[in-house]
Amino acid sequence: MARTERHPRNRSRSVSLHNRQVAGVTAGLLVAVSVYSAVLGSNGWLWFGWTVLLLACVALFAVRT
């Protein structure tokens, strides 16, 4: 089988797109947690979960080449 080489540029584009998608989901969940807290009262586990997701999102951007 012939081996095809991929351009590194394409990989960085897909990683960049993935990082933006994760950042968008993180921002959307921040809005959802904020609305939930305003309407139904604060829940520590929701804020803990959102913080963990935020740290994972920051780590994705930190390890990006």
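Predicted model only: the values in this text are computed from it and were never measured. (Residues numbered from 1 in each chain as written. Predicted model: local features only at pLDDT ≥ 70, side-chain atom pairs only at ≥ 80, totals over all residues. Heavy atoms only, no water.)

Visitor: Please provide a residue-by-residue account of the overall build of the protein chain, values included.
Guide: Helix and strand counts for the protein chain come out as two helices and zero strands. Accessible area of the protein chain: about 5500 Å², with a carbon and sulfur share of 65%. (Helix = DSSP H or I, 4+ residues; strand = E, 2+ residues; numbered from the N terminus. Areas by Shrake-Rupley, 256 points an atom, 1.4 Å probe, with all protein chains shown as cover.)

Visitor: For the side chain of Asn19, give the residues involved together with the corresponding values.
Guide: Looking at the secondary structure, you find Asn19 in helix H1 (residues 8–40). Setting aside residues no more than four positions away along its own chain, Asn19 makes contact with Leu60, Phe61 and Arg64. (Contact = heavy atoms within 4.5 Å.)

Visitor: Would you mind going over the side chain of Thr26 in detail, with residue names and values included?
Guide: Counting through the fold element by element, Thr26 comes out in helix H1. Residue contacts for Thr26: discarding those within four places in its chain leaves Trp50, Leu53, Leu54 and Cys57.

Visitor: Talk me through a nonpolar patch on the surface; I want residue IDs and the actual numbers.
Guide: Side chains of Val31, Val35, Tyr36, Val39, Leu40 and Leu46 sit close together on the surface and give an oily, nonpolar patch of about 560 Å² of accessible area. Mapped onto the secondary structure, Val31 falls in helix H1. (Patch = residues over 30% accessible without salt bridge, like charges linked within 9 Å, V, L, I, M, F, W, Y side chains within 5 Å. Salt bridge = Lys/Arg side-chain N within 4 Å of Asp/Glu carboxyl O.)

Visitor: Describe in detail helix H2 (residues 44–62), supporting the description with residues and values.
Guide: Taking 1.5 Å per residue as the helical rise, H2 with its 19 residues ought to reach 27 Å, and the 27 Å between its terminal C-alpha atoms agrees with that figure. By the N-cap criterion, in which a side-chain oxygen at the helix start approaches the backbone nitrogen of a residue two or three places on, H2 is capped by Asn43, the distance to Trp45 being 3.0 Å. (Expected span 1.5 Å × (residues − 1). Polar contact = N/O pair within 3.5 Å; in protein donor to acceptor, adjacent residues only side chain to side chain.)

Visitor: Explain the packing of aromatic side chains to me, and be specific about the residues and the numbers.
Guide: Enumeration according to the criterion identifies two aromatic pairs in this entry. The interplanar angle of 90 degrees and the centroid separation of 5.8 Å between the aromatic rings of Trp45 and Phe48 together place this pair among those described as edge-to-face. Of this pair, Trp45 and Phe48 both sit in helix H2, three residues apart, which is roughly one turn of that helix. A centroid spacing of 6.3 Å and a plane angle of 75 degrees characterise the contact between Trp47 and Trp50, whose relative ring orientation is edge-to-face. With Trp47 and Trp50 both in helix H2 and three residues apart, the pair spans about one turn of that helix. (Phe/Tyr/Trp six-rings, centres within 6.5 Å; stacked < 30°, edge-to-face > 60°.)

Visitor: Kindly report on the environment of Gly24, identifying the contributing residues and their values.
Guide: For Gly24, the position within the fold is in helix H1. For the pair formed by Gly24 and Cys57, sequence separation is 33 residues and the distance between their alpha carbons is 9.8 Å.

Visitor: So what's going on with the environment of Thr51? Which residues, and what values?
Guide: Looking at the element boundaries, Thr51 is found in helix H2. Residue class for Thr51 comes out partly exposed when judged on its relative accessible area of 36%. Once the C-alpha coordinates of Thr51 and Thr26 are considered, the two residues, 25 residues apart in sequence, prove to be 9.4 Å apart. (Buried < 20%, exposed > 50% of the residue type's maximum accessible area, 1.4 Å probe, protein only.)

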